[in-house]
Amino acid sequence: MESGNASFSFSNGVLPKIHTNGGASPKKKPANGICHDDSVPPVKAQTIHELHSLQKKRSAPTTPIKDGSAGGAAFATISEEERQKLQLQSISASLASLTREKGPNVVRGDPARKAESGAPKAAAEHHHYFTPTISVSDSSLKFTHVLYNLSPAELYEQAIKYEKGSFITWAGALATLSGAKTGRSPRDKRVVKDDVTSEELWWGKGSPNIEMDEHTFLTNRERAVDYLNSLDKVFVNDQFLNWDPENKIKVRIISARAYHSLFMHNMCIRPTPEELEDFGTPDFTIYNAGQFPCNRYTHYMTTSTSVDINLARREMVILGTQYAGEMKKGLFSVMHYLMPKRQILSLHSGCNMGKDGDVALFFGLSGTGKTTLSTDHNRYLIGDDEHCWSDNGVSNIEGGCYAKCIDLVQEKEPDIWNAIKFGTVLENVVFDEHTREVDYTDKSVTENTRAAYPIEYIPNAKIPCVGPHPKNVILLACDAFGVLPPVSKLNLAQTMYHFISGYTALVAGTEDGIKEPQATFSACFGAAFIMLHPTKYAAMLAEKMQKYGATAWLVNTGWSGGRYGVGKRIKLPYTRKIIDAIHSGELLNANYQKTEIFGLEIPTAVDGVPSEIFDPINTWEDKAAYKETLLKLAGLFKKNFEVFANYKIGNDGNLTDEILAAGPNF
């Protein structure tokens, strides 16, 4: 048998021995000059377990802990093992039962990753653990494994392996289910009312704060802690709120689900390795035992769900709901309490910045176009939802975005669409069981489908998420009554009035099938989250606007020429032209006239927008119907404001009178 230059022969069915130069000197070349020996040394492992241990290397600490001596120039000789022990002591203290006064035995690492089938551990593998000095309960006889600040990849593994309903979608996002609750439970939210909060917080009619006493909170806390300590493992996130380095808050989130840990990894500010090593004791702690119900026989409990905040203890307890948004908005409520104590205004708003450093705040309820209008590829995104305004300027509270996904289309919302990739949490979406392609139109689970992703996933996000003092404050309303102008300039009193009102109008179906507008008011454009009386936030807003020279605008993105069903919605390109004119300063130099009833100053012209639409009466064919509808809306404003009318700001109450006078007059 011949082929090319090679010749082979054998007889009696026996293959000849093949000679190779594998045992020859490395410098010796093969005889034919064309063979290449690409063999490599064998792997340095004797068992498959040892091979797996070589696959992942340990993360080394990046910064030694500073010693206080010698002006901080020297560093303490603290070992990594000692550092981890101190960290676990802190976590054990967080999980401590108040009655036993001792935390559980905690050990770092996944219990499922112990040596398999009796295989020997790799020499480099250690468990760092902390054991309390006194064991007085059954929970002290077991170890609780702590999965601490896991990466998205690690959390994907945990979710897919242990949490039913977790899948990787075609785009790489993690699809999860939030259980029976697919939205927040505001009627189940409780705040401890004590001697301090009884005076400081807003209670009573219109307030989102429903009281509970200290004893009931501690009962629920004990229930949550006992549940978490009964588990083999818990997830612990140590992160930050507020990008302002002088005013950031350290938060610790203890949860039972990888979904919750990844959600908060995305939504809070992610610490650097250096910050994590020096994290210390958190300023606020969340105990998320949402898979376990509260005891409905407990005082103040009305359902199996309870979301409880204790401002004195700086703690939050979640029972009976797995909806992750409770953590995000719970912390936002806490910021609405903590920040004003530092003379910092917390705001439920979007925020962007022009290339010249001009910052704009966007307020608006659902359906007003806040996300669409604050997302501008010609401007930097500071944040989409929660912000602080301090003497340093504006700062985003969060490290991520929480976007609605229902009916999401790439052409309309390319930034959100492209942000849904590896690391993103997709809540309650429906997808093809084979391709894992998401159907964003499917409401089978809920209409409130959401995506949570780091803000860095937005191409024009400004990192760090801080900016100078705002130049413009934009209050958005989708007026389905069709009587508010497309844009109006507000004085300070009007700004406070409309900020407190937080108006928009939704379209609701009636029994006979006819659709008509329904007014919706939400104080400070986020009534569900505020802690103090709305007038306090409004006064702070006016004070900062006056101090730093900001201008407020009321922009109607709703109807013109008639109410919903009669008129038409104001075209988005017109609204964008108006917003552009606000950013550029064009509207500051426009000519203005005043409307009746609401007394709003409206411009007579804006480039690219038909001048006749600025005064709403011009677009209504039936002028009598316009005046009737205008008076109806004015009456709804007055009725809504009755709950705030008796609250006096300052010693003389003059500011309250100014705010009331800035409302509709008829």
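Everything quoted here is computed from the prediction, not taken from an experiment.

Broken down by element type, the protein carries 15 helices and 35 strands. Restricting to contacts in the protein with at least 6 residues of sequence separation, those with at least 24 account for 72%. In the form shown here, the protein has an accessible surface area of approximately 32100 Å², with 52% of it arising from carbon and sulfur atoms.

What follows is about the pattern of salt bridges. Overall, the coordinates contain 17 salt bridges when judged by the stated rule. Between Glu 386 and Lys 329 there is a salt bridge, with the nearest N and O atoms lying 3.6 Å from each other. Taken as a pair, Glu 386 in strand 19 (residues 386–390) and Lys 329 in helix 8 (residues 325–341) lie far apart in primary sequence, 57 residues in all. Residue class for Glu 386 comes out buried when judged on its relative accessible area of 1%. Of the residues examined, Lys 329 reaches a relative accessible area of 11% and is grouped as buried. Between Asp 358 and Arg 379 there is a salt bridge, and its shortest N-O distance comes to 2.9 Å. Note that Asp 358 is positioned in the loop between strand 16 (350–353) and strand 17 (359–363) and Arg 379 in the loop between helix 9 (370–374) and strand 18 (380–383), a separation of 21 residues in sequence. The network of salt bridges with shared partners includes Lys 328, Lys 329, Lys 370, Asp 385, Glu 386 and Glu 398.

Negative charge collects at one region of the surface, where Asp 432, Glu 433, Glu 437 and Asp 439 lie side by side. Looking at the secondary structure, you find Asp 432 in the loop between strand 23 (430–431) and strand 24 (438–439). A relative accessible area of 37% places Asp 432 in the partly exposed class.

Attention now moves to the sheet that holds strand 20 (residues 393–396). Across a sheet, paired strands are connected by hydrogen bonds in the backbone, their directions being either parallel or antiparallel. Pairing within the open sheet is antiparallel, and its four strands lie in the order 15-19-20-26. Edge positions in the sheet fall to strand 15 (345–348) and strand 26 (466–467), since each of these pairs with one other strand and no more. The pairing of strand 19 with strand 20 spans four bridges and is classified as antiparallel. Bridge assignment links His 387 to a residue of strand 20, and that residue is Asn 396. Sheet strands in contact with helix 8 are strand 15 and strand 19, and its direction is about 150° off that of strand 15.

This brings us to the environment of Thr 144. For Thr 144, the location among the structural elements is in strand 5 (residues 143–148). Between the alpha carbons of Thr 144 and Leu 228 there is a distance of 8.6 Å; along the sequence they are 84 residues apart. With residues up to four places along the chain from it excluded, the contact list for Thr 144 reads Pro 104, Asn 105, Val 106, Val 107, Leu 228, Asn 229, Leu 231, Asp 232 and Val 234.

The subject of this paragraph is unusual backbone geometry. Geometrically, the link from Ile 463 to Pro 464 is a cis peptide bond, its omega value of -5° lying close to zero. With respect to the element layout, Pro 464 can be found in the loop between strand 25 (450–454) and strand 26. The backbone phi angle of Arg 314 is positive, close to 60°, even though this residue is not glycine. Positionally, Arg 314 belongs in the loop between strand 13 (306–310) and strand 14 (315–319). You can call Arg 314 partly exposed: its relative accessible area is 31%. Phi is positive for Cys 524, close to 60°, though the residue is something other than glycine. Inspection of the secondary structure assignment puts Cys 524 in the loop between strand 30 (515–521) and helix 12 (534–548).

The five strands lie next to each other as 6-7-22-25-21, forming an open sheet whose pairing is mixed. Each having just a single partner strand, strand 6 (167–168) and strand 21 (400–404) make up the two edges of the open sheet. As paired elements, strand 6 and strand 7 (residues 174–176) share two bridges and run antiparallel to each other. The residue bridging Phe 167 from the neighbouring strand is Ala 175, located in strand 7.

Locating Asn 288 in the fold gives a position in strand 12 (residues 284–289). Ignoring anything within four residues of it in the chain, the contact list for Asn 288 reads Leu 228, Ile 254, Ser 255, Ala 256, His 260, Ile 318, Thr 321 and Met 327.

To continue, consider the packing of aromatic side chains. Applying the stated rule across the entire model yields 22 aromatic pairs. Arranged with centres 5.1 Å apart and planes meeting at 85°, the rings of Phe 263 and Tyr 402 form a pair that is edge-to-face. Pair noted here: Phe 263 is in helix 6 (residues 258–267) and Tyr 402 is in strand 21, with a separation of 139 residues, a long-range link. Pairing Trp 389 with Tyr 548 gives two aromatic rings, centres 6.4 Å apart and planes at 35°, and the pair type is tilted.

A separate point is the nonpolar core. Counting residues in hydrophobic clusters, the biggest one holds 127 residues, and the most contacted among them are Trp 389, Leu 426, Phe 499 and Phe 598. Ranked by residues supplied to this core, first place goes to helix 8 with eight residues. Both domains that furnish three or more residues to this core are identified here as domain 1 (148–344 + 390–457) and domain 2 (469–662).

So, on to the pairing of strand 25. In terms of burial, strand 25 is largely enclosed, as five of its five residues are buried. Where burial is concerned, the two faces of strand 25 agree: the one with Arg 450, Ala 452 and Pro 454 and the one with Ala 451 and Tyr 453 are both buried. The sheet contact formed by strand 21 and strand 25 spans five bridges and is antiparallel. Note on strand 25: the bridge partner recorded for Cys 401 is Tyr 453. The sheet contact formed by strand 22 (residues 425–427) and strand 25 spans three bridges and is antiparallel. In the strand pairing of strand 25, Val 425 is matched with Ala 452.

The rules behind these values
- Residues numbered from 1 in each chain as written.
- Predicted model: local features only at pLDDT ≥ 70, side-chain atom pairs only at ≥ 80, totals over all residues.
- Heavy atoms only, no water.
- Helix = DSSP H or I, 4+ residues; strand = E, 2+ residues; numbered from the N terminus.
- Contact = heavy atoms within 4.5 Å.
- Areas by Shrake-Rupley, 256 points an atom, 1.4 Å probe, with all protein chains shown as cover.
- Salt bridge = Lys/Arg side-chain N within 4 Å of Asp/Glu carboxyl O.
- Buried < 20%, exposed > 50% of the residue type's maximum accessible area, 1.4 Å probe, protein only.
- Patch = residues over 30% accessible without salt bridge, like charges linked within 9 Å, V, L, I, M, F, W, Y side chains within 5 Å.
- Lys, Arg positive; Asp, Glu negative; His and termini not counted.
- Charge placed at Lys NZ, Arg CZ, Asp CG, Glu CD.
- Pairing = 2+ DSSP bridges.
- Axes fitted to C-alpha atoms, helices over the stretch in contact; angles between N-to-C directions.
- Phe/Tyr/Trp six-rings, centres within 6.5 Å; stacked < 30°, edge-to-face > 60°.
- Core = buried A, V, L, I, M, F, W, Y, C linked by side-chain atoms within 4.5 Å.
- Domains from an automatic or database assignment.

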